Amino acid sequence: MAISIHANNFQTLFDSARDAGYRVIAPVRDHTVTLFKPVEKADQIVLDEILPTKSPKEYFLAEHEPILTYCRDKSGKVSIADPSLEEVMQPTLIFGVRPCDAAGPEIIRKVMTWDCDDQFFLRRREASVVVAIACVEADDACFCTSVGQAPDGTEGADILLVPSSDETGAVQEYLVQPVTDKGSEFIKATKGWKEGNPSRAAACDEVKEKLQKRFDPDRVREWLDAGFDDPYWNTATLSCIGCGTCTYLCPTCHCFDIVDEGDLTCGSRVKNWDSCQMCQFTLHASGHNPRATQNERFRQRIMHKFKYYPQLFGVVLCTGCGRCQRSCPVDLALAKLVERIYQLACEPVGT
Amino acid sequence: MEDTNLQSTTAVLDNIYRPSLMKLDRVTWETPDTTTFRFLFMDDSERRQFFSQYKVGQFGEYSTFGHGESPFCVASPPTRQEYIECTFRAVGRNTKAMQGLNEGDTVGFRGPYGNWFPIEDWKGKNILFIAGGIALPPLRAVIWNVLDRRSEFADVKIIYGARTVSDLVYKNELYEWEKRNDVDLVQTVDPGGETPDWKGRIGFVPTVLDQAAPSHENTIALVCGPPIMIKFTFPVLDKLGFSRQQVYTTLENRMKCGLGKCGRCNVGGTYVCKDGPVFRWDTLAQLPPEY
Amino acid sequence: MAEFHPKIYAFLCNWCTYAGADLAGTSRMLYPADFRVIKVPCTGRIDPEFIVKAFEQGADGIWVSGCHIGDCHYNTGNYYAQRRWTIFRHELDCLGIDLRRLKFTWISAAEGRKFADEAKEFVNRIRDLGPYERFHEIIPAEPELALKTGGGN
Amino acid sequence: MSASNESTTGTATAETTKEVDALRKVARELLESGAVKMVIGYGEGYTQGKVMPIFLTDPEEVNRLIFDKRCVNNLATYLKKPEIRAMGKVAIVVKGCDARAINVLLLENQARRENLVILGMVCEGVGDPAEEKCLSCLVNTPPVYDHLFGEKIPARGWNEETFAKVEELDAMSPEERWEFWRRHFDRCIKCYACRQVCPICTCTRCITDKNQPQWVPTSPHPMGNYHWNLTRAFHLAGRCVSCNECERACPVDIPLSIINLALVKAVHDQYGFIAGMNSEDSPPLATYKEGEEQEFIK
């Protein structure tokens, strides 16, 4: 039996989710940007943008997460404890996620479970239900199809809503596709859903047409395999100013820092987002820096996404959301650079 | 949805970032800024757990609470299961804080992490240790491991150099090794770093290695030192006939997690925290120069 | 209700105000002791970071005091300090810090009376204002260490 | 060298102004004669309709240089990049506000005048709609240049709009100001784009990256965010040239210009100083005058 939901019923859905113990997270306007934040009212949410400014990554890999607390008593005896799990394990509905953003945590999962499990990530993942909405629009920065994702992809989503537009072109109704068992359970446990198809057909065809593949990641990887010392890196990224914007907004970048905060008597050890684009990222205490220049750091970013990660885990560390291009202050578009690498890879040898 | 599992907050977290608590048992000053710490596990089950995994060459994350964590190698061998030791120089925030600790104080330790020297494959072989300055600690664990199981190995030769006499670490142990007749120890200091009563050689490690000219036959060479020493030592080993399969070294890169998650210690696609810190020369030669 | 003991940090220049405090003490002048003195060589040594850090340590009030203009032990230190404080104070105001919680004075080594009076005034002022809750709200909570799970594992 | 740097959309536009023609001609001469190693300028961006910084070493590529209303970036920020510094003598395309940044770099010995050929563009304002900074521009004609492109025009100058937002903030109570900034700083993710893009943030190791001691907490929690934003602005007091790149680069649109302008105003009101108008006047926080007693110090 097909299921659908009308935008008018989002409030019912949110209310019933809250009744079932979930906090509801959805894209909302904050000043001039759109962010995933807790919402009360369905009319607050913003679904007509290509993508929110930040991905919902922070609800899986927190920007700032205490991983340990310590205290030292007067005699010098130290006690340590795990932080409270209340926030980590809070059931969370993340609503209105684009397929590229939904796929991000699924890709990060591979490194977070590599030989040992980062429970902070996994518990958050387990406690959340991701309701994705397929895209009806794309801009020049979007390239999900080039990295194996799709505007109506289901990776990482528990439920996918496929929009159907009315005669004015506005989206009001959605076809509901449960993707995981967790998603199906969630539909059963909450209200607002309706049996039967939406009155109109899906509205995703046009965007699929628009999102032509721009490069082949396998060919890119082949070039990168031998391309570490290629002169390409000397000039291609000279305009990079080394701000971490692209990494912080990326749904798949997951590097973090561990620092102690507090004084000698008590405090926390915390995990904070970090960026490979910062020059201190690899700086040794001795002053030696294995990646001393911005060009090297940018190469690391592309290598990590399109060579190292696929080699280790079989997937590209990129979902093609295009935030790195949209938000770059100097318009240094990662996808364009990778496109260029693809061209180099396709050029006949000897030219 | 009535999923009570989700509501539970009493679950225990299997926290991979949680260290074992260790008691600082003994502090030995090696040089004015380098110390050796001996730690005792506060929980004996953690000690047993550690030694059930630990192999020589592995490292750990040592922390003072309030100042952060630093990775360095375990400098004591798995043949001595009562304690672990590490030797470090105070350069960063945490290492400086550690040097301010007193015997009896508490530190955190996570490990063992990374790979190890495959010494089980070296039984019956000659072992040649070449170290410079503060880089003796990673080899010291191997040296003691080999010496504690002396009969399983053939000749043992140690070439160790430092900038000056006062920069030599493990002076008591050097004295002990020097006296032993089943170890051949060659000590050297850089020109100008000698004292009037210095009995060892004067010269850089690669030069001294060249003069000592150990045979490559049935020999494994372990090289640890500053990058500049390694750079000049490899050609000498090459000249002496060592193949790249006979030479091992260790790498150090900045690390935070030690578990392959935080994303900063990679050299090309190789993670020093998981695929290292021990590298055979032929593997190392294939890595890009990101260390 | 328990009496409110404000947390006040006083950054005092070694040569004038600190000596002034000494004089107030040796002259047996009474003043409230609700502040922690941090002796600095000169007001010019006080980085604005000290002030921010003090608030982050939970300060309810901060008092900065040094030599009168023209009396600086290092001749010009307080001239620079004055310019720095003028601009920094503007910034704090712009960012919503309550300026009543900051006090700047020039007190010489001979002005024990002035020191005692100013100390009284500031401590009373902060007592009246109460804890600086707005700032305290952004300080990460001290972890409640669950000792039952602490210790070993 | 810059062959692989070419943009797929970066072909020269057919129509150019006579200023751009002149700019290209000078750039060509500079590169051909070897007078400079590199020309830093604006070219067509990767994204349709955007511009990006381009780094030319080949005289044949000078036709990629453009200048129009889209050229908002302050290219002076590249003068702090070690890779560019290592080039030796370079030519750089600047608007007035960018030239002010160069003046500050010269004043603080962060750039050497003899290593720069400054290609000044007369600028009537950039952005569409016009950037806020342009509405009260002090330097429509760059205050420092070697070659000037376009006819000198009078500066628009500060007006009642310039500090309107600062005054709006001043009119609030401290509680309201505190809430205003808490709301904005709450979005901060500590990406440090504001620092990286700033031409005046020249420290090779920023205070927030120093941990002995750790003055600025590195965590993006409310306290860390407040401290970082406060420190960043104060370190630019009397140095900020209001190019507003920090606010433009901020991915979460924190209105950093308001703090910057508040300090610009305070420095001007108190000491009559405006940063970057020349490269001789002493920085206001590194000097003093007698008779400046402040009332707030009792």
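About the criteria used
- Residues numbered from 1 in each chain as written.
- Chains lettered and ligands numbered in written order.
- Predicted model: local features only at pLDDT ≥ 70, side-chain atom pairs only at ≥ 80, totals over all residues.
- Heavy atoms only, no water.
- Contact = heavy atoms within 4.5 Å.
- Buried area = accessible area lost by both parts, 1.4 Å probe.
- Salt bridge = Lys/Arg side-chain N within 4 Å of Asp/Glu carboxyl O.
- Polar contact = N/O pair within 3.5 Å; in protein donor to acceptor, adjacent residues only side chain to side chain.
- Helix = DSSP H or I, 4+ residues; strand = E, 2+ residues; numbered from the N terminus.
- Nonpolar A, V, L, I, M, F, W, Y, C, P; charged D, E, K, R; others polar.
- Pairing = 2+ DSSP bridges.
- Axes fitted to C-alpha atoms, helices over the stretch in contact; angles between N-to-C directions.
- Phe/Tyr/Trp six-rings, centres within 6.5 Å; stacked < 30°, edge-to-face > 60°.
- 1 Å grid on protein atoms, 1.4 Å probe; cavity = no way out; pocket = protein on both sides within 12 Å on 5 of 7 lines; lining within 4 Å.
- Points joined across faces, edges and corners; volume = space filled by probe spheres on them.
- Patch = residues over 30% accessible without salt bridge, like charges linked within 9 Å, V, L, I, M, F, W, Y side chains within 5 Å.
- Areas by Shrake-Rupley, 256 points an atom, 1.4 Å probe, with all protein chains shown as cover.
- Lys, Arg positive; Asp, Glu negative; His and termini not counted.
- Charge placed at Lys NZ, Arg CZ, Asp CG, Glu CD.
- Buried < 20%, exposed > 50% of the residue type's maximum accessible area, 1.4 Å probe, protein only.
- Expected span 1.5 Å × (residues − 1).
- pLDDT = per-residue confidence, 0-100.
- Core = buried A, V, L, I, M, F, W, Y, C linked by side-chain atoms within 4.5 Å.

Chemist: Sorry if this is basic, but what is going on with the interface of chain B and chain A here?
Modeler: Quoted interface sizes are often the accessible area lost when the parts come together. On the chain A side, the residues contacting the 47 residues of chain B number 58 residues. The contact between chain B and chain A buries some 4700 Å² in all, and 57% of this surface belongs to carbon and sulfur atoms. Counting every contact that joins chain B to chain A gives six salt bridges. Between the two partners, chain B and chain A, sit 27 residue pairs in polar contact (both at pLDDT 80 or more). Taken together, the elements giving at least two residues each to the side of chain B that touches chain A come down to helix 1 (4–7), strand 3 (59–64), strand 4 (68–73) and strand 6 (106–113) of chain B. When grouped by side-chain class, the residues that make up the side of chain B that touches chain A number 18 nonpolar, 17 polar and twelve charged.

Chemist: Whenever I open this one, the sheet that holds strand 10 (residues 193–195) of chain A confuses me. Can you help?
Modeler: In a beta sheet, neighbouring strands pair by backbone hydrogen bonds and run either parallel or antiparallel. Residue and element names in this part refer to chain A. As summarised here, the arrangement of the eight strands in space is 3-2-6-7-8-9-1-10, forming an open sheet in which the pairing is mixed. With one partner strand each, in any of the chains shown, strand 3 (33–38) and strand 10 form the two edges of the open sheet. Sheet twist, expressed as the mean angle between neighbouring strand axes with direction ignored, is 30°.

Chemist: When you look at the packing of aromatic side chains in this model, what are you seeing that I'm missing?
Modeler: Describing an aromatic ring pair means giving the distance of the ring centres and the angle of the ring planes. In the structure shown here, the tally under the stated rule is 62 aromatic pairs over all chains. Ring centres of Phe50 of chain C and Trp215 of chain D lie 5.3 Å apart, and the angle between their planes is 20°; this geometry places the pair in the stacked category. On the criterion of chain membership, the pair formed by Phe50 of chain C in helix 2 (residues 48–56) and Trp215 of chain D in the loop between helix 6 (193–197) and helix 7 (222–235) is interchain, its members lying in two chains. Among the aromatic residues, ring-to-ring pairing joins Phe37, Phe39, Phe41, Phe50, Phe51, Tyr54, Tyr62, Phe72, Phe88 and Phe109 of chain B into one connected group.

Chemist: I keep staring at empty space enclosed by the protein and nothing clicks. Help me out?
Modeler: Residue and element names in this part refer to chain A. Summed over all chains, the structure comprises 14 cavities of 30 Å³ or more. Its boundaries defined by the atoms lining it, the largest cavity holds a volume of some 130 Å³. Along the wall of the largest cavity there are 16 residues; nearest its centre are Cys240, Cys243, Cys246, Phe298 and Cys328. Secondary structure elements with two or more residues in the lining of the largest cavity: helix 8 (245–249) and helix 9 (294–313). Taken together, the residues of the lining of the largest cavity break down into eleven nonpolar, four polar and one charged.

Chemist: Is there a simple way to explain a negative patch on the surface in this structure?
Modeler: A grouping of Asp48, Glu137, Asp205, Glu206 and Glu209 of chain A is seen on the molecular surface, where their side chains present a negatively charged patch. Secondary-structure assignment places Asp48 of chain A in the loop between strand 3 and strand 4 (64–72).

Chemist: How should the side chain of Thr249 of chain B be read in this particular structure?
Modeler: All names here are of chain B. One can find Thr249 in strand 12 (residues 247–250). Using a relative accessible area of 2% as the deciding quantity, one classes Thr249 as buried. With residues up to four places along the chain from it excluded, the contact list for Thr249 reads Val223, Cys224, Ile230, Phe234, Pro277, Val278, Phe279 and Leu284.

Chemist: Before we go on, may I ask you to explain the environment of Gly43 of chain D in this structure?
Modeler: Residue and element names in this part refer to chain D. The residue Gly43 is located in strand 1 (residues 38–44) in this model. Taking the C-alpha atoms as reference points, Gly43 and Thr57, 14 residues apart in sequence, are found 14 Å from one another. Beyond its immediate stretch of four places on either side in the chain, Gly43 contacts Val51, Met52, Ile54, Arg64 and Ile66.

Chemist: Which parts of the structure should I look at to understand the pairing of strand 8 (residues 159–165) of chain A?
Modeler: For a regular strand, the rule is simple: side chains alternate between the two faces of the sheet. All names here are of chain A. The buried count for strand 8 comes to six of seven residues, which makes it a mostly enclosed element. Sheet topology note: the strand 8/strand 9 (residues 171–178) ladder contains seven bridges and is antiparallel. Looking at the pairing, Ser165 lines up with Val171 of strand 9.

Chemist: Quick question: what am I supposed to make of helix 3 (residues 77–94) of chain C here?
Modeler: An α-helix turns once every 3.6 residues. As a result, residues three or four positions apart point the same way. Residue and element names in this part refer to chain C. Taking 1.5 Å as the rise per residue, helix 3 with 18 residues should run 26 Å; its terminal C-alpha atoms sit 26 Å apart, in good agreement. Of all 18 residues in helix 3, 14 are buried; the element is thus mostly enclosed. The first or second residue beyond helix 3 is Gly96, which carries a positive phi of 90°.

Chemist: Whenever I open this one, the confidence of the model for chain B confuses me. Can you help?
Modeler: Caution applies to low-pLDDT parts of the model: their predicted coordinates are not meant to be read in detail. The pLDDT averaged across chain B works out to 90; a share of 96% of its residues lies at or above 70. Of the regions scoring below 50 in pLDDT, residues 1–11 of chain B engages in 19 contacts with residues more than four places distant in sequence or in other chains.

Chemist: How should I be thinking about helix 1 (residues 10–19) of chain A in this particular structure?
Modeler: Those residues of helix 1 of chain A that fall on the buried side of the exposure criterion are Phe10, Leu13, Phe14, Ser16 and Ala17 of chain A. Within two residues after helix 1 of chain A, Gly21 of chain A carries a phi angle of roughly 100°, on the positive side.

Chemist: Help me out: how do you make sense of the nonpolar core in this one?
Modeler: A general feature of soluble globular proteins is that nonpolar side chains tend to end up buried together. Counting residues in hydrophobic clusters, the biggest one holds 250 residues, and the most contacted among them are Ile302 and Phe306 of chain A, Leu237 of chain B, Phe11 of chain C together with Leu119 of chain D. If you tally residues by element for this core, the top one is helix 9 (residues 256–271) of chain D, at ten residues. Phe51, Ala131, Ala162 and Ile220 of chain B belong to the second-largest nonpolar core, a separate cluster that totals 55 residues.

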